[in-house]
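Fold and geometry: a report
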Amino acid sequence: MTSPLPKSGAPAVRMTGIAKRFGDCQAVRDASLEVMPGEIHALVGENGAGKSTMMRILAGIYPPDAGTIEVFGRDVTGWSAARAIDASVGMVHQHFMLVPTLTITENVILGREPTRGFAIDMGRAQREVAEAAERNGFRMNVRQYVRELSVGEQQRVEILKTLVRGARILILDEPTAVLSPPEVQELWRVLRALRDDGGTIILITHKLDEVTEISDTITVVRAGRSVASFPTAGTSPASIAHAMVGRDVVLPGDARDLRAATSAESAQPAPVLEVRNLVVSGERHARAVDDVSFAIQPNEILGLAGVEGNGQSALIEAIVGLRAAKSGEIRVAGTNVTTLSVSEREARGLAHIPEDRHRRGLVLDYSIADNLILGRQRSYTHRGVLDRERILADARAAIEIADIRPADPMLPARGLSGGNQQKIVIARALARQNFVLVAAQPTRGVDVGAIELIHARLRAARDAGTGILLVSAELSEILALSDRVAVMYGGKIVAIVPRAEASEESLGPLMTGASA
Amino acid sequence: MSDAAQTLIPTRTMRDRIFEAVLPPLVALLVSIVAGDLLILAVGQSPGAVYRLMLEGTWGNAYGFGQVLYKATTLTCTGLAVAVGLRAGLFNIGAEGQLAAGGLGAALVGLALPAGAPALVAAPLCMLAALCAGGAVGFVPGVLRAKWGAHEVITTIMLNFIVLAFLSWTMSTQLRVPETLHTSAIHAGALQRLATWLPSFHGSAANASLMIVLIAAILVDQYLFRTRGGFELRAVGLQPDAAENAGISVGRAWIRALTISGALAGLGGINFVLGYEHYYEEGFATGAGFLGIAVALVGRSNPLGVVLAALFFATLSQGGLAINALVPKQMVDALQGVVILAMAASVPEVRRLLASSRKGVR
């Protein structure tokens, strides 16, 4: 790091009276910001308040219409992005600019490769990048390809890239928008280490819990103006929210401890689905599903809530047989199905509504009728030949019941709206009495009318005796349908509570790992 | 999307589907005719005269037509082979080796059987040998893909070299009649020439294989579109993830598809060995395996389309001989290339045009 030493007492950044207009939109009208060296400074405000514009002006991406910018006491008003980088101001954007087929090292040195003769000195590059990573507390293998990294790891590569280029003032634009809760914690660890090493960090965010957790100082921007600036210590989320929107806001209450309820459910009828100590390996994490146990009774919908990417997909795939379990046991109506194939599990009464209907749920170029029998083609076969008449007759009946439009069984599924495509998938899964239905994101991308119909069909299946595992990113859907709610976080089930004890307020913190 | 818009879909898709099936070959044909005109003009001949001579030499007389049918028979087999692979989402480039293996298989059984074995027993046995030999060659890349993920394009190409080299070695060390490239004549299993029933075909190589291959095309059509196996195979070809989700074993479907594919290409071997010369000869159908790719593409992987495309390419090939006096034979090879290129280019092109016109209507 070869940056100019800060003049003693001078702030790292001082922006005064900044204004910026885009066409008819006055994005920033009179904003000021003062950031001291060695602090994490949160720039908070509602969407469109002008936070990102201010930071892009600081990073030299746009010139301001009015106002002055000083960095370490030096007037740099109107500088270019290249000069900002040279002067140690680096910005990590929401969308990463990495080449997936290159390694971490190659991405970090891209555009400034150390050479020996005409060749890139890859050994030296790797050494330097690895040293920089270690110095800044990044845990990464610099020889790994970027395409193999999780979003959080990619973000750390972006940060490393900025640091290697000499940044002492690091601007992060909504860095947690794409991260899962454990990745957020890892980011905080990295940022704290940078700050303790003398770095200056400006964090753009609109999430209050993040602000209070990580920042030292807060500047609030509202409608293009900086309206308040104060140290984080001693403020409350309510007062920050008040400053952000200019009036009092009701914040969700604290979470109750909900895990007590999990133990009280042994003496019940035989479960239709039992998952015991299930472990499933993931692509990025050693354990995508980490020692998960639960059971679903007949006539019960168990809602599985959680932020996406916490192992739900791996859990579903393991239950239906698309992915092998590393250890543990899965039982359908008492039969151990852990090592059985998809069709063998289906034959034992397990039905599945896959989360990605375009990829997994439908053969888009097959007709509605063919899609309705996909997976059950065996029962429509007589001596190897498909019984077309029966397929069509059953398709007409299913189209009628499920209200699939247009009602022509010979149409390719591709031509249907998302809601009608999903009705095909659901009609197929419910065509037969099943012990268990695994319903993943059953109403994703579906219009309101179809959602009602799909919910009604799921309830009807439950009332007819099916046990349903409902996985949804929509908490409202989980709460609308479930009899019990489980929360998945970091590959584990962190809580299972009866519906009566579940609410958005109580589940929210569990989903983000706050009280896990 | 409103309900009114949705009810428009049925009529539109039917029309679109017919368009999408018929238009690309027509566009390709048109382009190749224009290109052919230019080529003929370039060598200083009149396109009209050349095309007339070409038609007279192929569909214009019984002998020429018989030769077209003979060539189309082999091409139908290799075209069906590639088409079945494509339906399962696999690109079988190995029809060349599978065809040769099928030919030798048929010949070996024909040589092993005693002379005077009844034709009704011998011929089916020889055909079965051709199917098995080709199928075995197709099975290998199927397993390599299903078990180890080795891409079938690479493995089938490499297998062509291995199979052809192996056949060549077997011939030179064991089987061939000295001073020739072929085996001795088979003792049993030979098929009748068409001239036996229709004397005007006299001299042409067309033979009863034609009927057997047509039956095979019908069976492939039935298999693909009427049976459970075909249903699963096409689902795997269109969307392997959805097929897997439906409990279909994708790997097994791949193995099955490439085995059937190889068997169909192998069946093509009977046309020469049982129907025409009654012996196996090295290089008896060189190029027919690769041309099968073009036949399958022009035939849109549809068995009926494959038969028509095979007739088309057979006509080009035989017509090339007929017009040899006026233009160099290489011109026909060039024309073949143009047809394939036009076909490959026209399919996505037509799709795009249809898509944009549909948007315009809505």
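Residues numbered from 1 in each chain as written. Chains lettered and ligands numbered in written order. Predicted model: local features only at pLDDT ≥ 70, side-chain atom pairs only at ≥ 80, totals over all residues.

1. Topic: the overall build of chain A
- In terms of regular secondary structure, chain A is built from 17 helices and 24 strands.
- Counting all 516 residues of chain A, 44% fall into the buried class. (Helix = DSSP H or I, 4+ residues; strand = E, 2+ residues; numbered from the N terminus. Buried ≥ 20, exposed ≤ 12 C-beta atoms within 10 Å, placed from the backbone.)

2. Focus: the overall build of chain B
- If you tally the helices and strands in chain B, you get 14 helices and zero strands.
- Each helix (α) and strand (β) of chain B, taken in turn from the N terminus, gives the series α-α-α-α-α-α-α-α-α-α-α-α-α-α.
- Residues classed as buried in chain B amount to 51% of the 362 residues present.
- The contacts in chain B between residues at least 6 apart in sequence include a share of 78% that link residues at least 24 apart. (Contact = placed C-beta atoms within 7 Å.)

3. Re the packing of helix α14 (residues 418–429) of chain A against helix α15 (residues 448–463) of chain A
All names here are of chain A.
- In contact at an axis separation of 10 Å, α14 and α15 are set at 10 degrees when each is read in the N-to-C sense. With respect to their mutual orientation, α14 and α15 come out roughly parallel. Contacts from Gly 419, Gln 422, Lys 423 and Ile 426 of α14 reach α15 at Ala 450, Ile 454 and Arg 457.
- Here the contact of α14 with α15 is built from residues that sort into three nonpolar, two polar and two charged. (Axes fitted to C-alpha atoms, helices over the stretch in contact; angles between N-to-C directions. Parallel < 35°, antiparallel > 145°, perpendicular 65-115°, else oblique. Nonpolar A, V, L, I, M, F, W, Y, C, P; charged D, E, K, R; others polar.)

4. Observations concerning the interface of chain B and chain A
- Across the boundary between the two partners, chain B contributes 22 residues, which contact 29 residues of chain A.
- At the level of elements, α1 (3–42), α8 (228–238) and α9 (240–245) of chain B are the ones that each hand at least two residues to the side of chain B that touches chain A.
- In terms of residue class, the side of chain B that touches chain A is made up of eight nonpolar, eight polar and six charged.

5. Considering helix α12 (residues 288–298) of chain B
All names here are of chain B.
- The buried fraction of α12 amounts to ten of the eleven residues, a majority that puts the element mostly inside the structure.
- Every buried residue of α12 is accounted for by Ala 288, Gly 289, Leu 291, Gly 292, Ile 293, Ala 294, Val 295, Ala 296, Leu 297 and Val 298.
- Phi for Arg 300, located one or two positions after α12, is positive at around 55 degrees.

6. Looking at the pairing of strand β24 (residues 492–498) of chain A
Residue and element names in this part refer to chain A.
- Here strand β23 (residues 484–489) pairs with β24 via six bridges, running antiparallel. Each bridged residue has a counterpart across the sheet, and for Val 487 the counterpart in β24 is Ala 495.
- Two successive antiparallel strands, β23 and β24, enclose a turn made up of two residues, where Gly 490 displays a positive phi of approximately 55 degrees. (Pairing = 2+ DSSP bridges.)

7. With respect to the sheet that holds strand β15 (residues 300–305) of chain A
Residues and elements named next belong to chain A.
- A sheet is described by the order of its strands in space; here six strands give the open sequence β18-β21-β22-β15-β23-β24, paired in mixed fashion. Each edge of the open sheet carries a strand with a single partner, namely β18 (350–353) and β24. When strand polarity is set aside, the average angle formed by the axes of neighbouring strands in this sheet is 20 degrees.
- In this structure, strand β21 (residues 436–440) lies alongside strand β22 (residues 467–471), joined through five bridges in parallel fashion. Paired with Ala 439 across the two strands is Leu 470, which belongs to β22.
- Each of β15, β18, β21, β22 and β23 is contacted by helix α9 (residues 312–320), which is oriented at about 150 degrees to β21, the strand it contacts most.
- Across the face of the sheet, α15 comes into contact with β15, β21 and β22 while running at roughly 150 degrees to β22.

8. Here we look at the pairing of strand β10 (residues 200–205) of chain A
Residues and elements named next belong to chain A.
- β10 sits mainly inside the fold: six of its six residues count as buried.
- The pairing of strand β3 (residues 40–44) with β10 spans five bridges and is parallel. Paired with His 41 across the strands is Ile 202, a residue of β10.
- Looking at chain direction, strand β9 (residues 169–173) and β10 are connected through five bridges and run parallel. The partner of Leu 170 across the bridge, within β10, is Ile 201.

9. Digging into the environment of Ile 353 of chain A
Residue and element names in this part refer to chain A.
- Mapped onto the secondary structure, Ile 353 falls in strand β18.
- Among the residues examined, Ile 353 registers 27 C-beta atoms within 10 Å and is labelled buried.
- Between the C-alpha atom of Ile 353 and that of Ala 439, which follows or precedes it by 86 residues, the distance is 4.7 Å.
- When neighbours within four sequence positions are excluded, Ile 353 is seen to be in contact with Val 425, Ile 426, Ala 429, Val 438, Ala 439, Ala 440 and Pro 442.

10. Some details on the sheet that holds strand β16 (residues 327–332) of chain A
All names here are of chain A.
- Pairing is antiparallel in the open sheet, where four strands are placed in the order β14-β13-β16-β17. Edge positions in the sheet fall to β14 (289–296) and β17 (335–336), since each of these pairs with one other strand and no more.
- The pairing of strand β13 (residues 273–280) with β16 spans five bridges and is classified as antiparallel. Within the sheet, the bridge partner assigned to Leu 273 lies in β16 and is Val 332.
- In the packing of α9 onto the sheet, the strands contacted are β13, β14 and β16, and the crossing angle to β13 comes to about 120 degrees.

11. Digging into the packing of helix α5 (residues 119–148) of chain B against helix α10 (residues 250–267) of chain B
All names here are of chain B.
- With their axes 6 Å apart at the nearest point, α5 and α10 run at an angle of 150 degrees to one another. Relative to α10, the element α5 lies roughly antiparallel. In this structure, the crossing between α5 and α10 has a hand that is right-handed.
- When the residues that make up the contact of α5 with α10 are grouped by side-chain class, the tally is 15 nonpolar, nine polar and three charged. (Left-handed = near helix turned anticlockwise from the far one by under 90°.)

12. Quick look at unusual backbone geometry
Residue and element names in this part refer to chain A.
- Backbone torsion omega between Arg 405 and Pro 406 reads -5 degrees, so that peptide bond is classified as cis.
- Here Pro 406 lies in the loop between α13 (388–402) and α14.
- Although it is not a glycine, Asp 291 sits at a positive phi angle of roughly 60 degrees.
- Its location among the elements puts Asp 291 in strand β14.
- Asp 291 gets classed as partly exposed once you count the C-beta atoms within 10 Å, which come to 14.

13. Quick word on the confidence of the model for chain B
Residue and element names in this part refer to chain B.
- On average, chain B scores 87 in pLDDT, and the residues at 70 or more come to 90%.
- Element-level mean pLDDT values for chain B span from 65 in helix α14 (residues 330–361) up to 97 in α10.
- Taken as a whole, residues 1–12 scores under 50 in pLDDT and shows 13 contacts with residues more than four places along the chain or in a different chain. (pLDDT = per-residue confidence, 0-100.)

14. Considering the confidence of the model for chain A
All names here are of chain A.
- Summing up the model confidence of chain A, the mean pLDDT is 84 and the portion of residues at 70 or higher is 91%.
- Note that pLDDT drops below 50 for residues 1–7; the model gives that stretch twelve contacts with residues more than four away or on any other chain.
- Taken together, the stretch residues 250–267 has pLDDT below 50 and engages in 24 contacts with residues farther than four places along the chain or on a different chain.

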